[in-house]
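Summary of structural features
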Amino acid sequence: TRFWEIGIGCVVCLYMERRRGTAHSLIPIIGLGLIGASCLFFDGNTPYPGIAAVVPTLGALFIILAWQNEHLLANQILSSRALTFTGDISYALYLVHWPAVVFATAFFPTGLSPLSKVMIVCLRFLAASVLTFKIEVPIRRGKLIKTRRGVFLFAVSGVLTIAVISLLTARLTPKPADTISTLVSE
């Protein structure tokens, strides 16, 4: 159902292969504006994915169309050290995002303070950095694991570790209903 988003990227890629022109300076600014508007105005009630997905997808499209123009302000912002670092660790951030949300929700069912939320975001960045630079990059460069058998054993041990942690978490984590009933009875 979301294949059209990847399809847009493919069409833009083919278009850019044939045309090496420069994009108007407003194009990436509009793209950043569309993505920013999605962040600001989309909430839990926004039907997503759905027609609302057009807004950030078009935003990404406009940014991709203008990537060749290094002198544009939007491209200079997007190639800043902080944003490129975030891009480097983005897959690991994706991996640690939901566990962080689930654990925070389970252990603090009444909610988190703004400081706690900032600390969780910082911990996610730290965990993602460690995953990226101590595990992913060395594996990719063949420095951590050098044989196919080693890669296989590493993958199996990772899956088993995650399974054990998941089972333990499911058994030991307070359930929101249990926590709420305990709070109500006190």
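That block above? That's the structure.
Procedures and definitions
- Residues numbered from 1 in each chain as written.
- Predicted model: local features only at pLDDT ≥ 70, side-chain atom pairs only at ≥ 80, totals over all residues.
- Heavy atoms only, no water.
- Disulfide = S-S within 2.5 Å.
- Helix = DSSP H or I, 4+ residues; strand = E, 2+ residues; numbered from the N terminus.
- Expected span 1.5 Å × (residues − 1).
- Buried < 20%, exposed > 50% of the residue type's maximum accessible area, 1.4 Å probe, protein only.
- Arc of directions from axis to C-beta.
- Contact = heavy atoms within 4.5 Å.

1. A few points about the state of the cysteines
Cysteine pairs can be covalently joined through their sulfur atoms, and such a bond is termed a disulfide. Inspection of the entire model under this criterion finds zero disulfides. No disulfide involves C10; its sulfur sits 7.2 Å from the nearest other cysteine sulfur, which is in C13.

2. Things to note about helix α2 (residues 26-41)
With 16 residues, α2 ought to run about 22 Å at 1.5 Å a step, and its terminal C-alpha atoms sit 22 Å apart, in line with that. Regarding α2, the residues found buried are P28, G31 and S38. Taken around the axis of α2, the buried residues stretch over an arc of 80°, which confines them to a single face. Seen from the buried face of α2, the exposed residues on the opposite side, beyond 90 degrees, are L40 and F41. At its buried positions, α2 is contacted by α3 (54-65) and α4 (73-78).

From the geometry alone we can't say anything about function, so treat these as descriptive.
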